[in-house]
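Survey of secondary and tertiary structure
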Amino acid sequence: GGRGRGRGSCVHWLAFCSWKLQTQLAICGQTVDPVDSYDGRSDLVIPVLGAPKLPPLPMGKPLVSQISEKPISSFIIGVCSAIWLYFQKKNVGYGDVGISYEAVITEGQYWRVLTSTFSHVSVLHLVFNMSALWSLGIVESLGHIGLGIHYYLHYTLLLIVLSSLLVMGMHHVLIHRFGLEFYKRVTAVGYSCVVFGWMTILAAKQPSSKLNLFGLLSLPINFAPFESLVFTSIIVPQASFLGHLSGIIVGYLIAWGLVQGMDNYWTITLSGWILVASVISLKRTSSFEMGFLQIEPVVDPLLPSVGLTAYNSANVQNGTVRPAQVIELV
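From a predicted model like this one, the values you see are computed outputs, not experimental measurements. (Residues numbered from 1 in each chain as written. Predicted model: local features only at pLDDT ≥ 70, side-chain atom pairs only at ≥ 80, totals over all residues. Heavy atoms only, no water.)

Within the chain, the regular secondary structure consists of 12 helices and eight strands. Taken across its 330 residues, the chain has 44% of its residues classed as buried. In the chain, the share of contacts with a sequence separation of at least 24, taken over all contacts with a separation of at least 6, comes to 71%. On the chain, roughly 18,100 Å² of surface is accessible, and the fraction owed to carbon and sulfur atoms is 67%. (Helix = DSSP H or I, 4+ residues; strand = E, 2+ residues; numbered from the N terminus. Buried < 20%, exposed > 50% of the residue type's maximum accessible area, 1.4 Å probe, protein only. Contact = heavy atoms within 4.5 Å. Areas by Shrake-Rupley, 256 points an atom, 1.4 Å probe, with all protein chains shown as cover.)

Quick look at the structure:
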């Protein structure tokens, strides 16, 4: 009787182990016969009664597949990362590529609209922006609600231009209307204006979506622009409140249809004019050699001759010291 009870206990123990193994394999996404399990010692087959048949957990998509669904976002992330690596190697600073009222409006360095947008000097700044951009790449697959790849490409270009113009406009008002000369030298870099713009557009177009940051923080997209605005202002003291706010404002203008009409023609046309303006201003205001383009330089001892590494050194010239720059991250 005791031996029978022992054998029965052993059978039950093996049945439990078999159910446990089946459960673990099912969780790992592997298939296993839900009826029988082998005890490994004899020909005895132990029926596993009542063992639940758990469906395998959904596996994430391969990275290559995700990249193919977000080609523009992936390309921009690659460009920004490559630029960051180059800056680390060449010791390029904020003042060399950033956008400021003094550099763009006063000195005509319009090329900084592009260089400042895709530049990040801090690795944390880069990771935060690119993580948010990767999540926002879902816009490229939402063609069924009027978004999609072409919409994403057209309005990314518009966000870059309009948010930069709006930031310069805000600084102009603060300088000339309120006498805050401080804002002449505020220098900003980063892709955050565009990121905040797309947060806002997605919040208006797809309010049920969520924004994942670093794979750890999930924000309801309808609140994400303002949550992120407050969050970054608290966590990163150098974060540009006006830069992020300009992205949100332009995002709402686009989402509400107040700014529209972008198509392939206007995207190509606007890109062409931006490229022309950037090249001409780079030729006139920098030390870069461009033999294919001849423009009579502006001769003014008060204006510095700058390149990617000359802007900061131009703070001291003609025996006078120019006020220090103030750095903001956007």
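Right, let's get into the pattern of salt bridges. Counting across every chain of the model gives one salt bridge. Taking the shortest distance from any N to any O, the salt bridge between Glu-181 and Lys-184 comes out at 3.0 Å. Residue Lys-184 is classed as partly exposed on the basis of its relative accessible area of 25%. (Salt bridge = Lys/Arg side-chain N within 4 Å of Asp/Glu carboxyl O.)

Take a nonpolar patch on the surface next. Together, Val-230, Phe-231, Ile-234 and Ile-235 make up a nonpolar patch on the protein surface, roughly 400 Å² of accessible area in all. Among the structural elements, Val-230 can be located in helix H10 (residues 224-235). (Patch = residues over 30% accessible without salt bridge, like charges linked within 9 Å, V, L, I, M, F, W, Y side chains within 5 Å.)

Relative orientation of the contacting elements helix H8 (residues 149-176) and helix H11 (residues 241-255) amounts to 130 degrees, with a least axis distance of 8 Å. If you check the angle between H8 and H11, you find them oblique. At the point where H8 passes H11, the crossing takes the right-handed sense. Along its contact with H8, which presents Tyr-151, Tyr-155, Leu-159, Leu-162, Ser-163, Leu-166, Val-167, Met-170, His-171 and Leu-174, the element H11 presents Leu-242, Gly-243, Leu-245, Ser-246, Gly-247, Ile-249, Val-250, Gly-251 and Ile-254. Looking at the contact of H8 with H11 residue by residue, the classes come out as 13 nonpolar, six polar and no charged. (Axes fitted to C-alpha atoms, helices over the stretch in contact; angles between N-to-C directions. Parallel < 35°, antiparallel > 145°, perpendicular 65-115°, else oblique. Left-handed = near helix turned anticlockwise from the far one by under 90°. Nonpolar A, V, L, I, M, F, W, Y, C, P; charged D, E, K, R; others polar.)

Right, let's get into the nonpolar core. Residues Leu-133 and Trp-198 are the most contacted members of the largest nonpolar core, which totals 48 residues. Among the secondary structure elements, those contributing two or more residues to this core are helix H3 (71-90), helix H5 (101-106), helix H7 (123-136), H8, strand E3 (186-189), helix H9 (192-205) and H11. Broken down by element, this core gets its largest block of residues, 11 residues, from H8. Look past the residues within four positions of Trp-198 in its chain and what remains in contact with it is Leu-136, Val-139, Tyr-151, Tyr-152, Tyr-155, Thr-156 and Leu-159. Counting seven residues, the second largest nonpolar core, distinct from the first, contains Phe-87, Val-92, Tyr-94 and Val-97. (Core = buried A, V, L, I, M, F, W, Y, C linked by side-chain atoms within 4.5 Å.)

Turning to H9, a few remarks are in order. Counted at 1.5 Å a residue, the expected span for H9 with its 14 residues is 20 Å, and the 20 Å between its end C-alpha atoms agrees. Residues Ser-192, Cys-193, Val-194, Val-195, Phe-196, Gly-197, Trp-198, Met-199, Thr-200, Ile-201, Leu-202 and Ala-203 constitute the buried set of H9. (Expected span 1.5 Å × (residues − 1).)

What follows is about unusual backbone geometry. Backbone geometry at Asn-91 places phi at a positive 60 degrees, although glycine is not the residue there. Locating Asn-91 in the fold gives a position in the loop between H3 and helix H4 (94-97).

Turning to helix H12 (residues 264-285), a few remarks are in order. With 22 residues, H12 ought to run about 32 Å at 1.5 Å a step, and its terminal C-alpha atoms sit 31 Å apart, in line with that. Within H12, the full set of buried residues consists of Thr-267, Ile-274, Ser-278, Ser-281, Lys-283 and Thr-285. Along its buried surface, H12 packs onto helix H6 (112-117) and H8. With a side-chain oxygen positioned 3.2 Å from the backbone nitrogen of Tyr-265, the residue opening H12 is Asp-263. (Polar contact = N/O pair within 3.5 Å; in protein donor to acceptor, adjacent residues only side chain to side chain.)

For the rest of this paragraph, the subject is the side chain of Thr-267. Checked against the element boundaries, Thr-267 lands in helix H12. Contacts of Thr-267, omitting those with residues within four sequence positions, involve His-154, Leu-157 and Met-262.

The next subject is the side chain of Asn-129. By the element assignment, Asn-129 lies in helix H7. Accessibility expressed as a relative area gives 1% for Asn-129, which makes it buried. Leaving out residues up to four positions away in the same chain, Asn-129 has contacts with His-120, Gly-190, Tyr-191, Ser-192, Val-195 and Val-330.

One pair of aromatic rings is described through two measures. These are the centre distance and the angle between the planes. Taken as a whole and assessed by the stated rule, the structure comprises nine aromatic pairs. Ring geometry for Phe-182 and Tyr-183: centres 5.0 Å apart, planes at 85 degrees, overall edge-to-face. The cationic tip of Lys-70 hangs over the ring face of Trp-134; the distance from NZ or CZ to the ring centre is 4.2 Å. Arg-177 extends its terminal NZ or CZ atom over the ring of Phe-178, reaching a point 5.8 Å from the ring centre. (Phe/Tyr/Trp six-rings, centres within 6.5 Å; stacked < 30°, edge-to-face > 60°. Lys NZ or Arg CZ within 6 Å of the ring centre and 35° of its normal.)

Right, let's talk about the packing of H9 against H11 for a bit. Contact geometry for H9 and H11: axes closest at 7 Å, N-to-C directions at 40 degrees. Every pair of crossing elements has a handedness; the one defined by H9 and H11 is right-handed. Note on element contacts: H11 touches H9 through Gly-243, His-244, Ser-246, Gly-247, Ile-248, Gly-251, Tyr-252, Ile-254 and Ala-255, opposite Ser-192, Cys-193, Phe-196, Gly-197, Thr-200, Ile-201, Ala-204 and Lys-205. Partitioning the contact of H9 with H11 into residue classes produces eight nonpolar, eight polar and one charged.

Relative to the elements of secondary structure, Ile-327 occurs in strand E8 (residues 326-329). Considering only alpha carbons, one finds Ile-327 and Ile-99, 228 residues apart in sequence, at a separation of 9.8 Å. Those residues within four positions of Ile-327 in sequence are excluded, and the remaining contacts are Tyr-94, Thr-187 and Gln-238.

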